[in-house]
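# Secondary and tertiary structure notes
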Amino acid sequence: MEESPTSEDKRLDFIADCVLSTLKLKPDRWEKCMSDDDNRQVLQDFLDTAEQRTLVVSMTAAGLLEPTSSFTASPKNQVVYFMKRDKAELIPKSIKENLVYGDLSSAPLDQFSALVGEVVAPLLSNKKNHIKWPQVVSQDIRHHIHSLKTSVLVVSGQVQGKTLLLLPAGSEKVEQRALEADKSGGTVDKGIIHSLESTVIEWSHQISTVLKKDSSEAVLEGKNPTPHTELLLWKNRYADLECIHSQLNSCKVKKMEVLLEAVESSYYPAFINMQQDVLAALEEAKDICIYLTPLQCLLEELETMDFPDVKGQIQ
C-alpha cells in the first residue's frame, strides 16, 4: 500500500514536531489528528494557500488535537500557533525561517504579564544596554516600561477581581534613600521623591474607583438586580479592600511612607488619608458581610420559589 502524499510532506513533519514537543504528546495523537479529513484540509490549506496565514493547534476536551485557522476568544487549554511572516506558500527548505511560532497558555494575560515582568522590563531597563544612548532616551524608555508594567498589572488585577498596586520605579532604592534622608536632615534625590509622589496619585485614582462602587449602579443602568447582586458586591468588595489594605501595609510601602514624611512631602497627608479611607471601608465591608451572610440561604430560596409561594416566606 502506497503512503499518502501528506505522510511524505516534510512541512507537516515540522508542524507535528513543534506541536508534540510543546504539548508533550506522543506521536499517536498526531496520527489520530491526521486521520480526520477536515483536520488534514485545514493543515494543507495553511501550507499551500498564500492567503491562509494563521494555524492554531489546540487540544479538545476529549484529548484530541484540533487545528483551526484562527485564535479562539478564550482557549481552555494550551495552544500552539504558527503565523506566516509573508503572504506566501510554505516550502520545506525555508519553513522554519518563514514562520513565527510558539505556544499560548489558557491564561494569556498571565503569560503576557510574566513576559513583561521577567523578560521585557529587565532587558530594556538594564542600564548596561543603554551605554550608547542619550540620557533622555534612556529615561524615556524606563518611563514607558514602568507605564507598561503598571497597565498590565492593573488589567491583570481587574481580571482577578483585585486592585493591584504597582510599586514605583526605583522602589528598591527607597530604604537606602530613607536612611540618607534621616542622616542628612531631609535631603534626598528629587527623582526618587517625584516617583513616589506620582505613585501616590496613581494609587489614589485606583482606590477611589473601588471606594465609589455602589450597589445602586445596576439599577441606574436599567438592570433588574436581585438580592444576590448585593451579597456578591459586598463579598467582592471586602476581598478587594482586604487585598489593598494588605499591600498598603507591606514593608516596602511603609518605607515609602517614612521617606515621604522625612522630606515633608505635600503628598504625605494624602497618602495617610488614603490608608485611613481604605481601612474605614474595609471595616464597613466586613461588618456588612457579617450581617448579610446569614441571609444568603434564605434569599436564594426566595429567588427560586414560584411567586405565589413568596408571601409565606416573607416573615
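First, a word on what this report is: a plain description of the structure on this page. Bear in mind that the values here come from a model prediction, so they are computed numbers and not experimental data.

Reading guide: rules and limits
- Residues numbered from 1 in each chain as written.
- Predicted model: local features only at pLDDT ≥ 70, side-chain atom pairs only at ≥ 80, totals over all residues.
- Heavy atoms only, no water.
- Helix = DSSP H or I, 4+ residues; strand = E, 2+ residues; numbered from the N terminus.
- Buried < 20%, exposed > 50% of the residue type's maximum accessible area, 1.4 Å probe, protein only.
- Pairing = 2+ DSSP bridges.
- Axes fitted to C-alpha atoms, helices over the stretch in contact; angles between N-to-C directions.
- Contact = heavy atoms within 4.5 Å.

Our next topic: unusual backbone geometry. Both trends apply: most residues other than glycine have a negative phi, and most peptide bonds are in trans. In the Ramachandran plot, K24 falls in the positive-phi region, its phi being about 55° despite a non-glycine side chain. By the element assignment, K24 lies in the loop between α1 (10-23) and α2 (27-34). Unlike most non-glycine residues, E264 shows phi in positive territory, near 55°.

Moving on, we get to the pairing of strand β3 (residues 79-84). Judged by how many residues are buried, β3 sits mostly within the fold: 5 of 6 residues are covered. Relative to β3, strand β1 (residues 54-59) runs antiparallel, the two sharing 4 bridges. Within the sheet, the bridge partner assigned to T54 lies in β3 and is M83. Bridge count for β3 against strand β4 (residues 99-104) is 6 bridges, and the pairing is antiparallel.

This brings us to the sheet that holds β3. What the 4 strands build is an open sheet, ordered β2-β1-β3-β4; its pairing is antiparallel. Here the strands that pair on one side only, and so sit at the sheet edges, are β2 (65-68) and β4. Looking at each pair of strands side by side, their axes are set apart by 15° on average, direction ignored. Most of the contacts of α1 go to β3, to which it runs at about 145°, and overall it touches β1, β2, β3 and β4. Its contacts with the sheet put helix α3 (residues 37-48) on β1, β2, β3 and β4, and the angle it makes with β2 is roughly 40°.

The next thing to look at is the environment of A239. Within the element layout of this structure, A239 appears in helix α9 (residues 227-248). When its relative accessible area of 43% is taken as the criterion, A239 is described as partly exposed. Between the C-alpha atom of A239 and that of G161, which follows or precedes it by 78 residues, the distance is 8.7 Å.

So yeah, pure geometry; function would need other evidence.
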